[in-house]
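Residue-level structural notes
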Amino acid sequence: MKKLLKYLSNYKRESILGPLFKLLEASFELLVPLVMATVIDIGIKNHDVTYILSMGGLLVVLGIIGLTCSITAQYFAAKAAAGFGTSLRNDLFAHINTLSYQEIDTIGTATLITRMTSDVNQVQSGVNLFLRLFLRSPFVVLGAMIMAFTIDIKAALIFVVSIPVLSAVVFGIMLYSMPLYKKVQMQLDRVLLAARENLGGVRVIRAFNRQNDEVRRFDEENGMLVKFQVFVGKISALMNPLTYVIINLAIIVLINTGANRVQTGNITQGQVVALVNYMSQILVELVKLANLIITISKALACANRISFVFTMEPGIKDTNHNHVKGKTDSPKVEFNQVSLFYQGAKAESLRGIGFCARKGETIGIIGGTGSGKSTLVNVIPRFYDVSQGSVRVDGIDVREYPQGQLREMVGIVPQKAVLFKGSIRENMQWGKKDASDEEIYRALTIAQAKEFVDEKGEGLDFLIQAGGKNLSGGQRQRLTIARAIVKNPQILILDDSASALDFATDARLRKAIKEETRDMTVFLVSQRASTIKNADRIVVLEDGRMAGCGKHGELMESCEVYREICLSQLSEKEVQ
Amino acid sequence: MNIKKHKSTVKRILNKIGKYKWSVMASLFCAFLTVVFTLYIPILIGRAIDCIVGAGKVDFKTMGVILTQMGIVILVTAAAQWVMSHINNQITYRVVKDIRTQAFNKLESLPLKYIDSHAHGDIISRIIADIDQFSDGLLMGFTQLFTGVLTILGTLAFMFYINPLIAALVVLVTPLSLFVASFIAKRTYSMFRMQSQTRGVMTSLVEELLGNQKVVKAFAYEDEAQKKFETINEELRVWGLKATFFSSITNPSTRFVNSLVYACVGIAGAIAAVNGLLTVGQLSSFLSYANQYTKPFNEISGVVTELQNALASAARVFELIDEESEIPDDSQAVVLKHARGEVVLEHVDFSYNQEVPLIEDMNLCAAQGKRIAIVGPTGCGKSTVINLLMRFYDVNAGAIKVDGNDIRHITRESLRSSYGMVLQETWLKTGTIRENIAYGKPDASEEQIVTAAKEAHAHSFISRMPQGYDTIISEDGGNLSQGQKQLLCIARVMLCLPPILILDEATSSIDTRTELKIQKAFAKMMEGRTSFIVAHRLSTIKEADVILVMRDGHIIEQGTHENLLSENGFYAQLYNSQFAI
């Protein structure tokens, strides 16, 4: 939380003035019962109508001052909170942008999104409430007691006793029920899960005729939920009656004591009325305070979740910010005994990988699921750092390049075809900000996407919905390939990115890439033997190790794993 | 129309609550007691204060009686209040439970057509969020409305009882408070709408950019992203400030109106007291009424919106409950026992959408124990055939027969348990691996489970997991790879071994070497069983007895692998394109 406080420092003035004005308002509110007491004791007693009217006027004036103070306070609080939230969001967003794949994998994007949106909102409204109420409520409670002391010490002692008792009840019930509410929420999540599972798995559930079991299970979860809810409800239902009893018993005692004090002439009737009024004020404020504490503790939890993101250091940082000039006589990409351990993994994902790719070559990478294919290509643009060995581009270790320069050189098409809301043109310009329509069309043609883009009628202005929902899987894949080609990178990586294409389109795509971009070094990751069969070099991976490296013919001779993969997909004749 | 809809919704809700008629009556009675007694307390306090006139003039005897009365009233009120909230809780949660159970039961009997064509998020929010909203808003709102109105009426009655003139004064000032509150509320509403709209835009931007952070990084797009974000963030700041500020002046403003009422009552009461029309105690009762009088008004305006939301939510829930269920099994439906596995399609027509024809006049005869492979481009109707075989959907015309019985005259349960199905989308339950493998046969022995897992080549990775067969699969199988999930789905079917098998892209996520090994298990499993295999890897279906080549809902070619290749038609084209470069 401390870390986040600095975002309030731009609003120091507001953060101090807000609560201050709130206190002023509260002070004026505390004066009201005293004014009424004088009305009773002086105005009514002496039949002094002028006095009554002037005191009534004073009440109105107090009201106006209170209103002004509190509106000022609300404004300052709102301004500080909104400003706080905004700069916190900007910084958080920027910070997340510096994180590398490693950190994103560890924390997960879903939670980053919640932290970025609803958590920040919670903290923001927590700050707002804090500035407005946190000083006010305790102040009114204590103030009421102090006012009671100014009237009569003996009567005030009743306040001294009842305030702690009331607080104990209010906070006790709150503290006791808070974890119970969490339990209810967790149970509700289970009910939600049951419902979601039954939708997603509807075919399997019906195929195995398990509907009745699912209903039974849902009834159980749902029954548990009701049990919890009724229990928590029972506890919370105690709050109102208990506080009501305490406050009113205190008032009975207060009237009784007051009566004795009036009898002996220590205080007046009007002052008894004022004391009763103060007592009633306390309850309202204590309940407000308890609610506030709940909101604030929730906001604090959110704040901690946000702080945690800020403590995550980007695992990959630039050590060198200057443009690096590569050596022209070196291989384009070179792997030197590369090993890689993912954080928290039991075994290494890559081990002792070594091979090189010359300018213009096509490298095929094949292997079973989980053999390390994606990891291998992800270390080229330095999305992950290798644990041992090195990866060189143009003869220079990738860690010596500024990340910007390195990624400028590499175009990657990830497995998951992601497009963004906006026109096709805007999406294509991700690769190159000022790409002309001509350049874009060239890329679309290579990626076998021009035909369907033309069919859309709006051409490049066709609006892609969020997540590319209005396109088929194959269309999305071709557009993501085009996006990488627009960039005209020196190194192009296709990470199993043609899986949704039929074999014919896949073949045409590879042919076009080969013909149109002769200088590009291309890495083709695939599970399909046919896709990589004609590559200049094929790297065969198994469990993170290189099981073979060479041309198709050579590997068929020498590499058992490769031969098995090919034979499982192609017929004897096609393999040749 | 809206009002009409509201009316019928209200009727149904009352119907649901009707079961708890007596509880509702008791709750209302307690509410009545609570309100009347709560309002009676200020009068008692006033009377007690009237006993305290001044030094040496205190009437302790009368005061003692009044204070005792007060004590009793307080205890009764508290008890009534507690009983009321307890009863309300019970009613609320019971009604919610009833409705939720009903909604879930509906879920299990809804036709697949509904589930496939509606966003799951929407259905879930009806079962969870809407029912919650309904319970919060409607039942809580109802009691609040009831006590609120009662409090207003009661306060008025008590005030008029003490002093009609001052009471009339209070009534006159009241509209001011309502006016101020609604004035602010109206203005705030539009600000809030703008704020939530901006928030929505921002959330979708954040979801898009942060959700695909890896792409952002791959294209070094961070600066652009930051710029986009900051623009919308600034907009949110402006609206956020306005919305927060305007909504937060509601309280001070109504408080101010309240203090005006208070001052008026104070002055008028004091003047009346001077003229002997009012005692000091009565003035103090009046003042405390003046303090609480406007509160229920503000609450009620809130309750009305709550109620409207609740009604809307209830209507959405009822809509789901009213959806038509699957046509029930007909009364003469046969129970298919030990099916031989002969499947025949006769002149089958089917489409999901009447305007877009899909399957037309499809005929097929799968003799017992044959292997039928279905291939064709995406969208040609391969998976639809499976939907029809399993009777997830009913044919529009024609018939599907198993062992000579039209499947519409076979009980769904026995029909479906004659099929073993592995789909491309690998659905697993949250639960242990063991539970998942035994999903189709909950009473399977440990030995059978392990054997099935071994046959599906899943045993080795399961034993490598930290808790082996007791490893809990998290929601959506997050801790397993796609391929591992598929192996578990295969093991699940291996355990049941029904007479007919359906494998829809069953090995699409498994690498081909592992697949080759599983094929052997499949081959063994398929022995003597009729099987339908859908695949886009043509290598996996070469062994089939019949290959159906589908295109646009029609079977365009049919035959064995060799036949089809020599015909040199669409199949040959598909097959050869695999290897072209």
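Placed above this text is the structure.
Residues numbered from 1 in each chain as written. Chains lettered and ligands numbered in written order. Predicted model: local features only at pLDDT ≥ 70, side-chain atom pairs only at ≥ 80, totals over all residues.

**Examining the overall build of chain A**
Each helix and strand counted, chain A has 21 helices and twelve strands in total. A compact globule built from 576 residues should have a C-alpha radius of gyration of about 25 Å, whereas chain A, at 36 Å, is more than 25% larger. C-alpha extents for chain A along the principal axes are approximately 115 × 60 × 50 Å. Across the 576 residues in chain A, those meeting the buried criterion constitute 47%. Taking the intrachain contacts of chain A between residues at least 6 apart in sequence as the baseline, contacts between residues at least 24 apart amount to 77%. (Helix = DSSP H or I, 4+ residues; strand = E, 2+ residues; numbered from the N terminus. Rg over C-alpha atoms; globule rule 2.2 N^0.38 Å. Buried ≥ 20, exposed ≤ 12 C-beta atoms within 10 Å, placed from the backbone. Contact = placed C-beta atoms within 7 Å.)

**Remarks on the interface of chain B and chain A**
Contact with chain B, which involves 116 residues of that partner, is made by 122 residues of chain A. Considering every element that reaches the side of chain B that touches chain A, the biggest residue donor is helix α3 (residues 60–109) of chain B, with 23 residues. Of the residues that constitute the side of chain B that touches chain A, the class distribution is 63 nonpolar, 35 polar and 18 charged. (Nonpolar A, V, L, I, M, F, W, Y, C, P; charged D, E, K, R; others polar.)

**Overview of the environment of His118 of chain B**
Residues and elements named next belong to chain B. As for its placement among the helices and strands, His118 is situated in the loop between α4 (112–117) and α5 (120–162). Here His118 falls in the partly exposed class, since 15 other C-beta atoms lie within 10 Å of it. In sequence terms His118 and Lys61 are 57 residues apart; their C-alpha atoms lie 74 Å from each other.

**Re unusual backbone geometry**
Residue and element names in this part refer to chain B. Non-glycine residue His338 carries a positive phi angle of around 45 degrees. Among the structural elements, His338 can be located in the loop between α11 (295–322) and β1 (343–350). What makes His338 exposed here is the crowd of 8 C-beta atoms within 10 Å.

**Some remarks on the sheet that holds strand β5 (residues 405–406) of chain B**
Residue and element names in this part refer to chain B. The antiparallel open sheet is built from four strands, whose spatial order is β2-β1-β4-β5. Two strands bound the open sheet, and with one partner strand each, they are β2 (359–366) and β5. Contacts from helix α12 (residues 382–389) reach β1, β2 and β4 (397–402) within the one sheet, and its direction differs from that of β1 by about 115 degrees. (Pairing = 2+ DSSP bridges. Axes fitted to C-alpha atoms, helices over the stretch in contact; angles between N-to-C directions.)

**Quick look at helix α9 (residues 250–274) of chain B**
A rise of 1.5 Å per residue sets the reference length of α9 of chain B, with its 25 residues, at 36 Å; its end C-alpha atoms lie 36 Å apart and thus fit the reference within 8%. Directly beyond the C-terminal end of α9 of chain B, a positive phi value near 75 degrees is found at Gly276 of chain B. (Expected span 1.5 Å × (residues − 1).)

**Remarks on the environment of Leu495 of chain B**
Residue and element names in this part refer to chain B. Residue position: Leu495 is located in helix α17 (residues 482–496). Classification of Leu495 as buried rests on a count of 21 C-beta atoms within 10 Å. When the C-alpha positions of Leu495 and Thr151 are compared, they lie 67 Å apart, and in sequence the two are 344 residues distant. In contact with Leu495, other than residues within four places in its own chain, are Ile437, Ala438, Gly440, Lys441, Ala444, Gln448, Ile449 and Ala452.

**A short note on the packing of helix α6 (residues 136–151) of chain A against helix α10 (residues 269–311) of chain A**
Residue and element names in this part refer to chain A. One can describe the packing of α6 onto α10 by two numbers: an axis separation of 8 Å at closest approach and a directional angle of 160 degrees. By the angle between their directions, the pair α6 and α10 is classed as roughly antiparallel. Taken as a pair, α6 and α10 cross one another with a handedness that is left-handed. Counting all contacts with α6, which are made through Ser137, Pro138, Val140, Val141, Ala144, Met147, Ala148 and Ile151, the residues of α10 involved are Gln271, Ala274, Leu275, Tyr278, Gln281, Ile282, Glu285, Leu286, Lys288, Leu289 and Leu292. Looking at the contact of α6 with α10, its residues break down into 14 nonpolar, three polar and two charged. (Parallel < 35°, antiparallel > 145°, perpendicular 65-115°, else oblique. Left-handed = near helix turned anticlockwise from the far one by under 90°.)

**So, the packing of helix α2 (residues 21–50) of chain B against α3 of chain B**
Residues and elements named next belong to chain B. The geometry of α2 relative to α3 is characterised by a closest axis approach of 8 Å and an angle of 155 degrees between their N-to-C directions. In terms of orientation, α2 and α3 fall into the roughly antiparallel class. In the crossing of α2 with α3, the sense of the turn from one axis to the other is left-handed.

**Description of the sheet that holds strand β12 (residues 554–559) of chain B**
Residues and elements named next belong to chain B. An order of β6-β9-β10-β3-β11-β12 is seen for the six strands of this open sheet, with the pairing classed as mixed. Of all the strands in the sheet, the pair left with one neighbour each is β6 (419–422) and β12. Looking at each pair of strands side by side, their axes are set apart by 15 degrees on average, direction ignored. Strand direction decides the pairing type here: strand β11 (residues 546–551) and β12, joined by five bridges, are antiparallel. Within the sheet, the bridge partner assigned to Arg551 lies in β12 and is His554.

**So, α6 of chain A**
End to end, α6 of chain A covers 22 Å across 16 residues, agreeing with the expected 22 Å (1.5 Å per residue, within 8%). On its buried face, α6 of chain A is in contact with α2 (12–44), α5 (109–133), α7 (153–200) and α10 of chain A.

**Quick notes on the pairing of β11 of chain B**
Moving residue by residue along a regular strand, the side chains alternate between the two faces of the sheet. Residues and elements named next belong to chain B. Examined bridge by bridge, strand β3 (residues 371–375) and β11 share four bridges and lie parallel to one another. Bridge pairing links Ala373 to Ile547 in β11. Hairpin connection from β11 to β12: two residues lie between these consecutive antiparallel strands, with Asp552 at a positive phi of about 50 degrees.

**Some thoughts on the nonpolar core**
All names here are of chain A. One finds Ile365, Ala482, Ile493 and Val540 to be the most contacted residues of the largest nonpolar core, which totals 120 residues. Residue contributions to this core peak at 13 residues, all from helix α3 (residues 49–98). Setting aside its immediate chain neighbours within four residues, Ile365 contacts Lys373, Leu376, Val377, Phe523, Leu524, Val525, Val539 and Leu541. (Core = buried A, V, L, I, M, F, W, Y, C linked by C-beta atoms within 7 Å.)

These figures come from the coordinates and say nothing about function on their own.
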